Amino acid sequence: MIEYPILRDLGAILVAAAVVVLVARSVRVPAILAYMVTGLVLGPVTHILHPDASLELISETGIALLLFLVGLELSLEKIRDVGRVAVLAGVGQIALTLGLGWALASALGFAGATAVLVALALTFSSTVVVVKLLEERAALDATYGRIAVGVLLVQDVAVVIALTLLAGLEDPTTLALATVGRGVVRAAIAMTGLLAAAYVATRYLLPGLFRWLGASMEGLFVWSLTWCFAFILGARALGLSIEIGAFIAGISLAQLPYSHELVRRVHPLVNFFLAIFFVTLGAHMELGAALAAWPAVLAFSVFVLAGKPAILMALIPRVGHGERTSFLAALTLGQISEFSFIVASLALGVGLVDESFISVVGAVGLITIGVSAVLVQNGDRLFDATRRLGLLRPFRAPRGEEPEPEPALEGHVIVVGMNTLGRRLVHELTDRGETVLAVDVDAAKLVGLPCRTLQGTTDHPDVLEHAHLADARLLVSALQIQDANNLMAYRAREAGVPSAIHAFDARAADELEDHGATYLMVSKYDGIRLMTDALRRAGVID
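Residues numbered from 1 in each chain as written. Predicted model: local features only at pLDDT ≥ 70, side-chain atom pairs only at ≥ 80, totals over all residues. Heavy atoms only, no water.

S.K.: Which residues make up the overall build of the protein chain, and what values do they have?
M.R.: Along the protein chain, the regular secondary structure elements total 22 helices and 6 strands. Out of the 542 residues in the protein chain, the part that is buried amounts to 52%. Contacts spanning at least 24 positions in sequence make up 72% of the contacts within the protein chain whose residues lie at least 6 apart. (Helix = DSSP H or I, 4+ residues; strand = E, 2+ residues; numbered from the N terminus. Buried < 20%, exposed > 50% of the residue type's maximum accessible area, 1.4 Å probe, protein only. Contact = heavy atoms within 4.5 Å.)

Given below as structure tokens:
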């Protein structure tokens, strides 16, 4: 009988991670922390898991896909929206954290390249943790949430530069300036070539290709992964890391109108691979080394939890933001990042550090991610307490409250499917003064509509969540896809929102009634009139 150790290891990882994540969710602990604890249990504690080359390959694939996902979210529009505060606060925070982190590491006995890598690991904040915490607090659109995400985008660019520097090292045992310089110049030239290829493709190749595939989300998803791995192979051929290739591939696709749907498709895949990466990382940790270095672990953790937010708290008000916004944005970024572990792993791979370095970084990650999650969840209370104690006075931030952005969609009508019936519904409802959100899987069908639009397939729950279904007055489907219509009728009923669904034959009408559709449009000819009359009688619309 042939044995496949990789299947046994994956099975152990997934079963253990599922149990630990359920426990962690009940106490509101981030998934990353749960995965690392799982690795500790499976590795150093019980010795069930012994990571081999196969698991390392899966972990490295997860890192590449994470960079691909980060690139997918880095559209030029978002870069413009980051604005002055993110650039100034982000660059200033990176520079000050690197300098102070290096000084702290040197004082604690870390020398040379190791001290620099420690400072680098302490510099970045966790995109995964921060976005998840902001989502839980419904603060992604708040001023402090947008500032935090903007600083993270600046840090993402710094990560790519750090990866380029690591990729440019020819001989890690000799860090002579000339040697490092030659390697970095070669890596920079190679990266410029990849960026040029991405620009040309984004300008001339990808729009037509993805427009042709626009009606098929499965086709878009497969081609996006094909594009990602093509750039990964290109990066390797040029002597760059696969993470850089994946990041540039993501940026090129982020400029297309399909990027939001691609993010939704890629995200679950990334979550799977990242789970393997963080469990494997935890399994690599040496508890003895982490415990032996406990003074350094404690000092680094305090620096990340208190020092890094203090740096940001000093910088953000200088760009004109108020005390509360500055405090909450700074507090949100008080942890180390998944990229810290990636940089540490790459440094280990090129021989700059040993396993004990991974253990120290991992221990700091466990502490800072866990404590930061608790602090952010209680951010408002912490702000009130620190303000009463006068701890914010030295930062001299303006005390006036800043206006928050307009609230998200509420009391609107969601129309799904921009066929002839759907487009006519959108125009009729808009003309009647309704706030309308048009949804379709094909971005080309959303062009020119007189309302807000959302590209995506309602098969994914997060599309209707992004459409604020729970706050809508009505969900309308003009689709002639029975399964999709049944699912939308069910989700609308669960959300307590009336639904009007296109019933294109008698069997469809019976199934829609079973799934809770409130109103049925029996044909495209009388559907608009019947639906409008029924909704007016029900008081849903005026």
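Anyway, onward from the coordinates.
S.K.: Please give an account of the sheet that holds strand S5 (residues 499-502) that cites residues and values.
M.R.: Hydrogen bonds along the backbone pair up the strands of a sheet, which may run parallel or antiparallel. One open sheet accounts for 6 strands, arranged S3-S2-S1-S4-S5-S6; its pairing is parallel. The open sheet is flanked by strand S3 (452-455) and strand S6 (519-521), the only strands paired with a single partner. Direction aside, the axes of adjacent strands within the sheet are offset by 20 degrees on average. Where strand S1 (residues 413-416) meets strand S2 (residues 436-440), 4 bridges bridge the pair, whose relative direction is parallel. Considered in S2, the bridge of Val416 is made with Val439. (Pairing = 2+ DSSP bridges. Axes fitted to C-alpha atoms, helices over the stretch in contact; angles between N-to-C directions.)

S.K.: Outline the environment of Asp156, listing residues and values.
M.R.: Among the secondary structure elements, Asp156 is positioned in helix H7 (residues 143-167). Under the relative-accessibility criterion, Asp156 is labelled buried at 4%. The spacing of Asp156 and Gly71 is 85 residues in sequence and 8.8 Å in space, taken between C-alpha atoms. Every residue in contact with Asp156, bar those within four places of it in the chain, is listed here: Val70, Thr127 and Phe339.

S.K.: I'd like a rundown of unusual backbone geometry, residues and numbers included.
M.R.: Look at His47: it is not a glycine, yet its phi comes out positive at around 60 degrees. Summarising the element assignment, His47 is placed in the loop between helix H2 (31-45) and helix H3 (53-72). The exposure class of His47 is exposed, given its relative accessible area of 52%. Not every positive phi belongs to a glycine, and His468 is a case in point at roughly 55 degrees. Its place among the elements puts His468 in the loop between helix H19 (461-466) and strand S4 (474-477).

S.K.: I'd like to hear about the pairing of S4, residue by residue, with values.
M.R.: Burial along S4 is two-sided: Leu474 and Val476 and Leu475 and Ser477, pointing in opposite directions, are all buried. Of the pairings in the sheet, the one linking S1 to S4 comprises 4 bridges and is parallel in character. The residue bridging Ile414 from the neighbouring strand is Leu475, located in S4. Two strands pair when backbone bridges link them, and S4 and S5 are joined in this way by 3 bridges, in the parallel orientation. Directly across from Val476, in S5, lies its bridge partner Ala500.

S.K.: Let's hear about the confidence of the model for the protein chain: which residues, and what values?
M.R.: Looking at the protein chain as a whole, the pLDDT averages 79, with 84% of positions reaching at least 70. Counting contacts from residues 170-175, a segment whose pLDDT is below 50, to residues more than four positions away or on other chains yields 12 contacts. (pLDDT = per-residue confidence, 0-100.)

S.K.: An account of the packing of H2 against helix H11 (residues 259-284) is requested, with residue identities and associated values reported.
M.R.: One can describe the packing of H2 onto H11 by two numbers: an axis separation of 6 Å at closest approach and a directional angle of 45 degrees. Judged by the inter-axis angle, H2 sits oblique to H11. In the crossing of H2 with H11, the sense of the turn from one axis to the other is right-handed. Residue-level contacts link Ile32, Tyr35, Met36, Thr38, Gly39, Leu40, Leu42, Gly43 and Pro44 of H2 to Ala275, Phe278, Val279, Leu281, Gly282 and Ala283 of H11. Grouping the constituent residues of the contact of H2 with H11 by class yields 11 nonpolar, 4 polar and no charged. (Parallel < 35°, antiparallel > 145°, perpendicular 65-115°, else oblique. Left-handed = near helix turned anticlockwise from the far one by under 90°. Nonpolar A, V, L, I, M, F, W, Y, C, P; charged D, E, K, R; others polar.)

S.K.: Residue-level account of helix H9 (residues 217-237), with values.
M.R.: Taking 1.5 Å of rise per residue, 21 residues should cover 30 Å, and H9 covers 30 Å from first to last C-alpha, within 8% of that figure. Looking only at H9, the buried set comprises Met217, Gly219, Leu220, Ser224, Leu225, Trp227, Cys228, Phe231, Ile232 and Ala235. Looking one or two residues past H9, Gly239 carries a phi angle of roughly 85 degrees, positive in sign. (Expected span 1.5 Å × (residues − 1).)

S.K.: Tell me about the environment of Gly92, and name the residues and values.
M.R.: For Gly92, the position within the fold is in helix H4 (residues 76-107). The class for Gly92 is buried, based on a relative accessible area of 17%. In sequence terms Gly92 and Leu312 are 220 residues apart; their C-alpha atoms lie 8.3 Å from each other. Not counting the four nearest positions on each side in its chain, Gly92 is found in contact with Val87 and Leu315.

S.K.: How would you sum up the pairing of S5? Please name residues and give values.
M.R.: Residues in a regular strand project their side chains so that they alternate between the two faces of the sheet. Alternating residues of S5 divide into Ser499 and Ile501 and Ala500 and His502, and every residue in both groups is buried. As a crossover connection, the stretch from S4 through helix H20 (residues 482-495) into S5 is right-handed. Sheet analysis places S5 next to S6, joined by 3 bridges and oriented parallel. Residue pairing in the sheet places Ile501 in a bridge with Leu520 of S6. (Right-handed = clockwise from strand over helix to strand, strands pointing away.)

S.K.: How would you sum up the side chain of Ser252? Please name residues and give values.
M.R.: Considering the arrangement of structural elements, one finds Ser252 in helix H10 (residues 242-254). Looking at Ser252, its side chain comes within polar contact range of the main-chain oxygen of Ala249, at 2.6 Å. Aside from chain neighbours lying at most four places away, what touches Ser252 is Ala198, Thr202, Leu206 and Trp227. (Polar contact = N/O pair within 3.5 Å; in protein donor to acceptor, adjacent residues only side chain to side chain.)

S.K.: Account for the packing of aromatic side chains, naming residues and giving values.
M.R.: According to the stated counting rule, one finds 4 aromatic pairs in the structure shown. With a centroid separation of 5.0 Å and 50 degrees between ring planes, the pair formed by Trp227 and Phe231 is classed as tilted. You can see Trp227 and its partner Phe231 sitting in helix H9, 4 residues apart, about one turn around the helix. Here the two residues Trp227 and Phe231 agree in accessibility, since each one is buried. On the numbers, 5.6 Å between centres and 50 degrees between planes, the contact of Phe327 with Phe383 is tilted. Of the two residues, Phe327 sits in helix H14 (residues 323-332) while Phe383 sits in helix H17 (residues 379-388), which places them 56 residues apart along the sequence. As far as burial versus exposure is concerned, Phe327 and Phe383 are alike and both buried. (Phe/Tyr/Trp six-rings, centres within 6.5 Å; stacked < 30°, edge-to-face > 60°.)

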